[in-house]
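Coordinates in review
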Amino acid sequence: MTDLRLVSSDQVPDAVKAVLEGTAGPFTPLPDSPTEADRWVEVVRPDQPVEEPDVAVVVPTSGSTGNARAVVLTRSALTAAAMAAHDRLGGPGAWVCSLAPHHVAGLMVHVRAYLSGYPAVTVDQQLTGLADVVLPDAPAYISLVPTQLYKALRHAEIRTTLRRYTVLLGGAAADREELERAKQAGIHVVTTYGMTETCGGVVYDGSPLAGVHIGLDDDGRISLNGPTTFSGYRFDPEATAAVLEGRTFLTSDRGAWVGGRLEVRGRIDDVVISGGVNVDIAQLQRIVDRALGVEKVVVLGVPDPQWGARIVAVTTHDLSLSSLRERLDGRVERAALPRDLRRVDAFPRTSSGKIDRRAIASGWEA
């Protein structure tokens, strides 16, 4: 048994180095926000020792679609994920970190950087100062989420700077039009799919990394098997047993094979029945984003005694329900047209910056 250390964001690079070299025990990276840090401490329970062997880090999930759980990741899993990424990308290189290291995407940037031998350079989430980063004579990599790429493509200096990098894009579904915009700008983007339980992205551009195997059941539910799989949820054996068998992790996502590559089509609970018609909320959200712009409107399916599920929308813009329905009419089935619209000053977000759909849904039903 060993103690679980709590480390701040600026301590993560040294903590990664120490745990991978075996000179220090496992750790949990904390958010900078004291409120978020207190909440995560409750989840990981550092007062209780770590009993499992080879544990490197305990990372809470974001909790954007459910209650946060403490994910246990081993040294071997972190190393396997980083090495497989470098193998696919063309070798170790210099990494820039623009993501919070208390989430797995930011954490893995530091793991890959350590194994590459080049300390990660940190910039803020707005990519301020990226143009001033001095890179060694090595491949250059950066991990972004779709919101960052969307904003970067509309900023001339950052857009030009990103041509120097291979951009790993993950954390949410990538918009095809934005990917095409990046391609036209000369930016090499690699879409990634994975989650905290798999040490981040393990499927690049629809193909699994070396050692990773993808499974789809009859309902299209995705499972991932390989050396990057987590060891379990800390102090939650029932939740672990529900999704983990050996090295196979049963995700909450659904997908399909398209041209020999995995296409992720949303969460298994994203399909709701409204008036007897199946409505794919994830697909509807993509259509809304293309019609009105990214992160301007969030669509949801909420319980309704008459319809079973009622399609509703939340916006931060001056938009009427009739206008929204007109913009979507002809693009989606009538059952998918929102029946109600509310305006908010800002969308709630998780500490990783994602729109917190769970909080939006809870607020609607309150």
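Residues numbered from 1 in each chain as written. Predicted model: local features only at pLDDT ≥ 70, side-chain atom pairs only at ≥ 80, totals over all residues. Heavy atoms only, no water.

Describing the overall build of the chain
We apply this condition: In this description a helix means any DSSP run of H or I spanning at least four residues, a strand means any run of E spanning at least two, and both kinds are numbered starting from the N terminus. In this treatment the radius of gyration is a C-alpha quantity, and the globule benchmark scales as 2.2 Å times the residue count to the 0.38 power. Any residue under 20% of the maximum accessible area for its type is buried, any over 50% is exposed, and the rest in between are partly exposed; the area is computed with a 1.4 Å probe on protein chains only. Residue contacts are counted whenever heavy atoms from the two residues lie within 4.5 Å of one another. Note that accessible areas follow from Shrake-Rupley with a 1.4 Å probe, and for residues the cover is restricted to the protein chains shown. The charge count includes Lys and Arg as positive and Asp and Glu as negative, but it does not include His or the ends of the chains. Charge placement uses NZ in Lys and CZ in Arg. For Asp and Glu, CG and CD serve respectively.
Scanning the chain from N- to C-terminus turns up 11 helices and 22 strands. Compactness check: the chain gives a C-alpha radius of gyration of 21 Å against a globular reference of 21 Å for 366 residues, within 12% of the reference. Projected onto the principal axes, the alpha-carbon positions of the chain cover approximately 60 × 50 × 45 Å. When the 366 residues of the chain are sorted by exposure, 50% land in the buried category. Within the chain, contacts between residues at least 6 apart in sequence are counted, and of these 58% link residues at least 24 apart. Surface accessibility of the chain: about 17,000 Å² in total, with carbon and sulfur atoms responsible for 48%. One finds the centroid of the 38 positive side-chain charges in the chain at a distance of 5 Å from the centroid of its 45 negative side-chain charges.

Topic: helix H9 (residues 281-292)
In an α-helix there are 3.6 residues to a turn, and that puts residues three or four apart on one side. Rules: In this scheme, a helix's expected span is set at 1.5 Å multiplied by one less than its residue total. We define a polar contact as two N or O atoms separated by no more than 3.5 Å, with the added condition that, inside protein, one atom must be a possible hydrogen donor and the other a possible acceptor, whereas residues neighbouring each other in sequence contribute only through side-chain atom pairs.
Taking 1.5 Å per residue, 12 residues should reach 16 Å; H9 reaches 16 Å between its end C-alpha atoms and fits that length. Buried residues dominate H9, accounting for 9 of its 12 residues. Among all positions of H9, only Ile 281, Ala 282, Leu 284, Gln 285, Ile 287, Val 288, Asp 289, Ala 291 and Leu 292 are buried. Two to three positions downstream of the cap, the backbone nitrogen of Ala 282 sits 3.1 Å from a side-chain oxygen, assigning the N-cap of H9 to Asp 280. Backbone geometry just downstream of H9 places Gly 293 in the positive-phi region, at approximately 110°.

So, helix H3 (residues 75-89)
With 15 residues, H3 extends 21 Å between its outermost C-alpha atoms, agreeing within 8% with the 21 Å of an ideal straight helix rising 1.5 Å per residue. Along H3, the residues classified as buried are Ala 77, Leu 78, Ala 80, Ala 81, Ala 82, Ala 84, Ala 85, His 86 and Leu 89.

Concerning the packing of H3 against helix H4 (residues 104-116)
Formally: Here the axes come from fitting lines to C-alpha atoms, over the contacting stretch only for helices, and the angles between their N-to-C directions go from 0 to 180 degrees. Orientation is classified from the angle alone, with under 35 degrees giving roughly parallel, over 145 giving roughly antiparallel, 65 to 115 giving roughly perpendicular, and any other angle giving oblique. We call Asp, Glu, Lys and Arg charged. Ala, Val, Leu, Ile, Met, Phe, Trp, Tyr, Cys and Pro are nonpolar, and the rest, Gly among them, are polar.
Running from N to C, H3 and H4 cross one another at 75°; their axes reach a closest spacing of 9 Å. One way to sum up the angle between H3 and H4 is to call them roughly perpendicular. On H4, the residues that touch Leu 78, Thr 79, Ala 81, Ala 82, Met 83, Ala 85 and His 86 of H3 are Met 108, Val 111, Arg 112, Leu 115 and Ser 116. Tallied by class, the residues present in the contact of H3 with H4 amount to 8 nonpolar, 3 polar and 1 charged.

A closer look at the nonpolar core
Applicable threshold: Note on terminology: a nonpolar core comprises buried Ala, Val, Leu, Ile, Met, Phe, Trp, Tyr and Cys residues joined through side-chain atoms within 4.5 Å.
Of all hydrophobic cores here, the largest spans 48 residues; its most connected members are Phe 27, Leu 73, Leu 78, Met 108, Leu 224 and Phe 230. Ranked by the residues each element gives to this core, the list is headed by H3, at 7 residues. The contact partners of Leu 224, leaving out residues within four places of it in the chain, are Tyr 193, Met 195, Thr 198, Val 202, Val 203, His 213, Ile 214, Thr 229, Arg 247, Thr 248, Phe 249 and Thr 251. Core analysis: the second largest hydrophobic core is formed by 21 residues, Ala 309, Ala 313, Leu 324 and Val 332 among them.

Regarding the sheet that holds strand S21 (residues 308-315)
Applicable threshold: Strand pairing is assigned whenever DSSP detects at least two bridges linking the two strands.
In space, the 3 strands of this open sheet follow the order S20-S21-S22, with mixed pairing throughout. Only two strands of the sheet have a single neighbouring strand rather than two, namely strand S20 (297-304) and strand S22 (340-343). Between one strand axis and the next, the sheet turns by 30° as a mean value, whatever way the strands run. Sheet topology places S21 next to S22; 4 bridges connect them, and they run parallel. From the neighbouring strand, Thr 315 faces S22, where its bridge partner is Arg 343. Sheet strands in contact with H9 are S20 and S21, and its direction is about 145° off that of S20.

Considering the pattern of salt bridges
To keep things clear, this is the line we draw: Salt bridges are identified by distance alone: a Lys or Arg side-chain nitrogen within 4 Å of an Asp or Glu carboxyl oxygen.
In this structure the tally under the stated criterion is 15 salt bridges. Across the pair Arg 39 and Glu 36 runs a salt bridge, and its minimum N-O distance is 3.0 Å. Of this pair, Arg 39 and Glu 36 both sit in helix H2 (residues 34-44), separated by 3 residues, roughly a single helical turn. According to the relative accessible area criterion, Glu 36 is partly exposed, its value standing at 22%. Where Glu 263 meets Arg 265, a salt bridge forms, and the shortest distance between an N and an O atom there is 2.8 Å. Residue Arg 265 is classed as partly exposed on the basis of its relative accessible area, which comes to 34%.

Here's the deal with the sheet that holds strand S5 (residues 94-97)
The strand order across the open sheet built from 7 strands is S6-S5-S7-S8-S9-S10-S11, with neighbouring strands paired in mixed fashion. Here the strands that pair on one side only, and so sit at the sheet edges, are strand S6 (121-122) and strand S11 (207-208). Bridging between S5 and strand S7 (residues 140-144) involves 3 bridges; their strand directions are parallel. For Trp 95, the partnering residue across the bridge sits in S7 and is Tyr 141.

Focus on the environment of Val 121
With respect to the helices and strands, Val 121 occurs in strand S6. Separated by 11 residues in sequence, Val 121 and His 110 have C-alpha atoms that sit 9.3 Å apart. Residues contacting Val 121, with those up to four places away along its chain left out, are Trp 95, Val 96, Cys 97 and Val 133.

Thoughts on the pairing of strand S12 (residues 213-216)
The pairing of S12 with strand S13 (residues 221-225) spans 4 bridges and is antiparallel. In the sheet register, Ile 214 faces S13, and the bridge partner there is Leu 224.

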